[in-house]
Amino acid sequence: MSETRDPALRIAAWSMLGTPAAASLLSHIGADLLVLDAQHGLFDDAALIAALPAASAVPVHVRVASNSAALIGRALDGGAAGVIVPMVQDGDEAAAAAAATRYPPLGARSWGPLAAYRGEPTTPPDEANARVSCAVMVESARAIAAVDAIASVPGVDMVFVGPFDLAIALETTVTGLLADHSPGNPLDAVVDACRRAGTSAGAFAGGLDAARALAERGFSMLAVAVDTQLISAAGTALVDAARGIPSPRQEHE
Ligand code: 3PY
Ligand code: MG
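Remember, it's a predicted structure, so these values are computed and weren't measured experimentally.

1. Overview of the overall build of the protein
Step number 1: A tally of helices and strands in the protein yields 12 helices and 8 strands.
Step number 2: For 253 residues, the compact-globule estimate of 2.2 N^0.38 gives 18 Å, and the C-alpha radius of gyration of the protein, at 20 Å, lies within 12% of that figure.
Step number 3: When the backbone C-alpha atoms are referred to their principal axes, the protein occupies close to 80 × 55 × 35 Å.
Step number 4: Taken across its 253 residues, the protein has 44% of its residues classed as buried.
Step number 5: Taking the intrachain contacts of the protein between residues at least 6 apart in sequence as the baseline, contacts between residues at least 24 apart amount to 60%.
Step number 6: Total accessible area computed for the protein in this model is approximately 12700 Å², and 58% of it derives from carbon and sulfur atoms.
Step number 7: On the protein, the mean spot of the 15 positive side-chain charges and the mean spot of the 27 negative ones are 3 Å from each other.

2. Focus on the coordination of the magnesium ion (ligand 2)
Step number 1: Protein coordination at the magnesium ion (ligand 2): the donors are Glu139 (OE) and Asp165 (OD), at 2.1 to 2.2 Å from the metal. Linking Glu139 in the loop between strand 5 (133–138) and helix 6 (141–145) with Asp165 in helix 8 (residues 163–169), this pair joins segments that are 26 residues apart in sequence.
Step number 2: Overall, Glu139 belongs to the buried group, its relative accessible area being 3%.
Step number 3: Under the relative-accessibility criterion, Asp165 is labelled partly exposed at 23%.

3. What about the pattern of salt bridges?
Step number 1: Following the criterion strictly, the structure yields 10 salt bridges and no others.
Step number 2: Across the pair Arg118 and Glu120 runs a salt bridge whose closest N-O atoms are separated by 2.9 Å.
Step number 3: The class for Arg118 is partly exposed, based on a relative accessible area of 30%.
Step number 4: Taking the shortest distance from any N to any O, the salt bridge between Arg131 and Glu127 comes out at 2.5 Å. Taken as a pair, Arg131 and Glu127 lie in helix 5 (residues 125–131) at a separation of 4 residues, close to a single helical turn.

4. Concerning the site of ligand 1
Step number 1: Every residue close to ligand 1 is listed here: Arg63, Met137, Glu139, Gly162, Pro163, Phe164, Asp165 and Phe204.
Step number 2: Gly162 is positioned such that a nitrogen or oxygen atom in its backbone is 3.5 Å from an oxygen atom of ligand 1.
Step number 3: Measuring from an oxygen atom of ligand 1, one finds a backbone N or O atom of Pro163 at 3.1 Å.
Step number 4: In isolation ligand 1 exposes 230 Å². Once the protein is present, 93% of that is buried.
Step number 5: At 3 residues, helix 8 tops the list of elements feeding residues into the shell around ligand 1.
Step number 6: Class assignment for the residues of the shell around ligand 1 results in 4 nonpolar, 1 polar and 3 charged.

5. Things to note about the pairing of strand 1 (residues 10–15)
Walk down a regular strand and you will see the side chains alternate between the two sheet faces.
Step number 1: Both strand 1 and strand 8 (residues 221–226) contribute to a ladder of 5 bridges, which runs parallel. Opposite Ala12, over in strand 8, you have Ala223 as the bridge partner.
Step number 2: Relative to strand 2 (residues 33–37), strand 1 runs parallel, the two sharing 4 bridges. Across the sheet, residue Ser15 finds its bridge partner in strand 2, namely Leu36.
Step number 3: Handedness of the crossover joining strand 1 and strand 2 through helix 1 (residues 20–26): right-handed.

6. Focus on the sheet that holds strand 6 (residues 158–161)
Step number 1: Spatial strand order, 1-2-3-4-5-6-7-8: 8 strands in a closed barrel with parallel pairing. The average angle at which neighbouring strand axes cross in this sheet is 30°, direction not considered.
Step number 2: Bridge count for strand 3 (residues 60–63) against strand 4 (residues 82–85) is 3 bridges, and the pairing is parallel. If you follow Arg63 over to strand 4, its bridge partner there is Ile84.
Step number 3: Contacting strand 3 and strand 4, helix 3 (residues 69–77) runs over the sheet at an angle of about 150° to strand 4.
Step number 4: Packed on one face of the sheet, helix 11 (residues 208–217) meets strand 7 (200–204) and strand 8 and runs near 175° to strand 8.

7. Overview of helix 10 (residues 186–197)
Step number 1: For helix 10, built from 12 residues, the straight-helix expectation of 16 Å at 1.5 Å per residue is met to within 8% by its first-to-last C-alpha distance of 16 Å.
Step number 2: Buried within helix 10 we find Pro186, Leu187, Ala189, Val190, Val191, Ala193 and Cys194.
Step number 3: With its phi angle positive at about 75°, Gly198 sits one or two positions after the end of helix 10.

Parameters at a glance
Residues numbered from 1 in each chain as written. Chains lettered and ligands numbered in written order. Predicted model: local features only at pLDDT ≥ 70, side-chain atom pairs only at ≥ 80, totals over all residues. Heavy atoms only, no water. Helix = DSSP H or I, 4+ residues; strand = E, 2+ residues; numbered from the N terminus. Rg over C-alpha atoms; globule rule 2.2 N^0.38 Å. Buried < 20%, exposed > 50% of the residue type's maximum accessible area, 1.4 Å probe, protein only. Contact = heavy atoms within 4.5 Å. Areas by Shrake-Rupley, 256 points an atom, 1.4 Å probe, with all protein chains shown as cover. Lys, Arg positive; Asp, Glu negative; His and termini not counted. Charge placed at Lys NZ, Arg CZ, Asp CG, Glu CD. Donors = N, O, S within 2.8 Å, 3.2 Å for Na, K, Ca; no water. Salt bridge = Lys/Arg side-chain N within 4 Å of Asp/Glu carboxyl O. Near = heavy atom within 4 Å. Polar contact = N/O pair within 3.5 Å; in protein donor to acceptor, adjacent residues only side chain to side chain. Nonpolar A, V, L, I, M, F, W, Y, C, P; charged D, E, K, R; others polar. Pairing = 2+ DSSP bridges. Right-handed = clockwise from strand over helix to strand, strands pointing away. Axes fitted to C-alpha atoms, helices over the stretch in contact; angles between N-to-C directions. Expected span 1.5 Å × (residues − 1).

Here you go:
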């Protein structure tokens, strides 16, 4: 464990691979939480329901495919500790995501805990409402313009930046976004709005350099360890190093 660990900074692992085994492996790497990606990863409904209990070493959140009450309810019914809702554009869309996350009177979630089929005890609605987390993703120019309204929606626990979509929308690059310290720049606008609203700011970092840059700006939850990237990067480096091993001498040489 890092000796300089800051308890105010939460580090997330992020699984794309859509299997219980990959999710379980990632749940044991020391991250504070794991996100199963059902938007751009390989998690369909059945894969999510299989992976959620397999990865229970840490709280597991689901990035749902869209801002849909059905998808949000299904992930939570399967045992997710929270949801990350992509492409939220304004306060109304954030309110819809928040309502789908909690049972009445706070929201409009429908009762049907799938986790009970695995023999897990059901969580009473008020307790589930208190524990669950709703993060909404801000990743467009429209969402940045509405970020104060989004961050201040009751039941929005985190505003989570998707730097890749945000960079595309703003016609820049992720590097350009991270380097932008001009007054009113989008990343500071998110952190400032979250501070004003008393909610937290998170972001997809995908690596250490971006994570450092985002933490310096005040983002307190960062997704850094992505299974597809880990296999690809570590595998490429290892194969490359193995190519440097001298070939075995032939007996007749
Ligand atoms: C983005 O950067 O747009 C994301 O959604 C990260 O997965
Ligand atoms: Mg995105």
